[in-house]
Each structure stands twice: as structure tokens, then as C-alpha cells.
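Each chain, letter by letter, is given below.
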Amino acid sequence: MLVDINSEHPEPRKIQRAVEALKAGEVIAYPTDTVYGLGCDISNKKAVDRLYQMKQMDRAHPLAVICPDLAEIAKYAVVDNQVYRVLRRFLPGPYCFILEATRELPRMLQTKRKTIGIRVPNHEVIREVVRQLGRPVISTTAQKTGGDVHVDPNEIDDDFPGLGLVLDAGGGGVIPTTIVDLTENPPVVVREGLGSTEEFMDEAPRSLRDMKVSMRQLNKELR
């Protein structure tokens, strides 16, 4: 089911429809600042299982978590001074940062390395959905394993039968997020995507070296 939605000023009643679908254990599709994504409620194991089935993915394939802002990230990932400076510099934006997971992250989502990919997209539709849901959305690209990224929301609706709904904000992008592993020193670019790797690698190491923000200030800002 397609639901047309304004990408800059999403209608509250349409956001609420998406939230209700997520709370009911449905998988939904939505626009991001890169490509369309598929996602479900982080707290619903059956929904996560359904997401893997729809994508035809191996269960070892990691998923990302979409948060509405930096404050929410600290609940599910370890955010020290150094990491926070990088996140504040590059988010919201077309990046997925791999961070050390906290105990709050459901075990079914943790990798063997006990890490998690974190996204804060620069797109108001999905960020507002997550805000109203009150917890993160588990997210992955709207494409079948080995297939092409879907640009047209109609194709997403056709290719993934069983979706709760598709939030249709028009044509999507074809370049995915840039994935950067911040658990490594120096950080490692896992995948080059829409986010500039040159800019990140120029800035992030300097940020990591020169960080002077205290943990007290960090905790205050994250409240």
C-alpha cells in the first residue's frame, strides 16, 4: 500500500499510520537521504525475522539502526568523546557509522564483534516516524539480495509483498550510504557511498586526535 507523503513537511496522520504499522509488527518502506529503506520496530523479533525473509538475506548479514538524533544513539552504542565529535560533525547525513554496541541493543541484532551500524538520515520523513515511535527502526536497503536498488516506490510495493505500507515521497536515490567503522583506529571506510570519504578521512582523524570535549559536557549534551 502506497501512502503519498510530503518529504519536507510530512503529514502527522500519515506518520501515525506508519507508526501504527510498526507497532503492529509490520515491515514498512520509507525514503532516506540516500536510497529507500525497509525497516521494522527494533523491539519486535518477529518483525526482524520478517525483514530478513523479505530481503532474502542470510541471518549473518548485519542491519543498521535508524535514530532520530544523536541523543538516542548513546542508548544503543558506546559514544565516547572521540566518537561523539565525529557523529556531531557528520550526522544527520548519508553515513552509517559502525560503533560498539551497548547491552541495550537486542542480542539478535549484535554481530560477533558486538557492534551496530548507526544511521541518522537527513530526511524528515523517517526521522519523524522514529521520533513518534519512541525507539529506533531496524533498517536495510530496499533491494533484494543481489538485485538492484529500487528507485520507484511502486516497484518496492510490488517486489516486497506483505509490506505494511510504503511511504511514497517520490523517486529515491541509487547511491547507498557510506559505511565507516569507528571501532577501528584509524577509522576504516567499509563501503564508499553518497557520503564523501575524502572529507571524512581528512576531518575525522584530526577530530579524534584533537578532541577536548569532556565526558561531563558530552553527557550533558546527550540528555
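The rules behind each value
Residues numbered from 1 in each chain as written. Predicted model: local features only at pLDDT ≥ 70, side-chain atom pairs only at ≥ 80, totals over all residues. Heavy atoms only, no water. Helix = DSSP H or I, 4+ residues; strand = E, 2+ residues; numbered from the N terminus. Buried < 20%, exposed > 50% of the residue type's maximum accessible area, 1.4 Å probe, protein only. Contact = heavy atoms within 4.5 Å. Areas by Shrake-Rupley, 256 points an atom, 1.4 Å probe, with all protein chains shown as cover. Phe/Tyr/Trp six-rings, centres within 6.5 Å; stacked < 30°, edge-to-face > 60°. Core = buried A, V, L, I, M, F, W, Y, C linked by side-chain atoms within 4.5 Å. Polar contact = N/O pair within 3.5 Å; in protein donor to acceptor, adjacent residues only side chain to side chain.

A.B. asks: Quick one: what's the story with the overall build of the chain, residue by residue and with numbers?
C.D. replies: Secondary structure summary: the chain contains eight helices and 10 strands in total. Within the chain, the proportion of its 223 residues that are buried is 52%. When contacts within the chain are restricted to residue pairs at least 6 apart in sequence, long-range pairs at least 24 apart make up 66% of them. Element-wise, carbon and sulfur atoms account for 45% of the exposed surface of the chain, whose accessible area totals about 11,000 Å².

A.B. asks: Tell me about the packing of aromatic side chains, and name the residues and values.
C.D. replies: This model, assessed by the stated rule, comprises three aromatic pairs. A centroid spacing of 5.4 Å and a plane angle of 65 degrees characterise the contact between F90 and Y95, whose relative ring orientation is edge-to-face. Of the two residues, F90 and Y95, neither departs from the other in class, the shared state being buried. Note on Y95 and F97: the rings are 5.6 Å apart at their centroids and 10 degrees apart in plane angle, and the pair reads as stacked. A residue is classified by how much of its surface remains accessible, and Y95, at 4% relative accessible area, is buried.

A.B. asks: Explain the nonpolar core to me, using residue names and the numbers behind them.
C.D. replies: Counting residues in hydrophobic clusters, the biggest one holds 43 residues, and the most contacted among them are I73, L87 and F97. Counting residues in each nonpolar core, the second largest holds 18 residues, with A21, Y30, V125 and L133 among its members.

A.B. asks: Describe the environment of V151, naming the residues involved and giving the relevant values.
C.D. replies: Mapped onto the fold, V151 is located in the loop between β7 (137-141) and α6 (153-159). In sequence terms V151 and G172 are 21 residues apart; their C-alpha atoms lie 4.6 Å from each other. Ignoring sequence-local partners within four residues, the contact set of V151 consists of Y36, G170, G171, G172, G173 and V174.

A.B. asks: Any details on helix α2 (residues 45-55)? Residues and values, ideally.
C.D. replies: Among all positions in α2, only A47, V48, D49, L51, Y52, M54 and K55 are buried. The secondary structure elements touched by the buried residues of α2 are β3 (37-41) and β7. You can read the cap of α2 off the contacts: a side-chain oxygen lies 3.1 Å from the backbone nitrogen of K46, and it is on N44. Trailing α2 by a residue or two, Q56 shows a phi angle of about 55 degrees, which is positive.

A.B. asks: Please provide a residue-by-residue account of the side chain of R119, values included.
C.D. replies: Checked against the element boundaries, R119 lands in strand β6 (residues 115-119). Among the polar contacts listed, one links the side chain of R119 to the side chain of D33, at a separation of 2.9 Å. Leaving out residues up to four positions away in the same chain, R119 has contacts with T32, D33, T34, A64, V65, I66, C67, G93, P94, Y95, C96 and T177.

A.B. asks: So what about helix α5 (residues 124-133)? Which residues, and what values?
C.D. replies: Most of α5 is tucked away, with seven of its 10 residues classed as buried. Of the residues making up α5, those classed as buried are V125, I126, R127, E128, V129, V130 and L133. Contacts made by the buried residues of α5 are with α1 (12-23), β2 (28-30), β3, β4 (64-66), β7 and β8 (165-168). A positive backbone phi angle near 90 degrees is found at G134, which sits one or two residues after α5.

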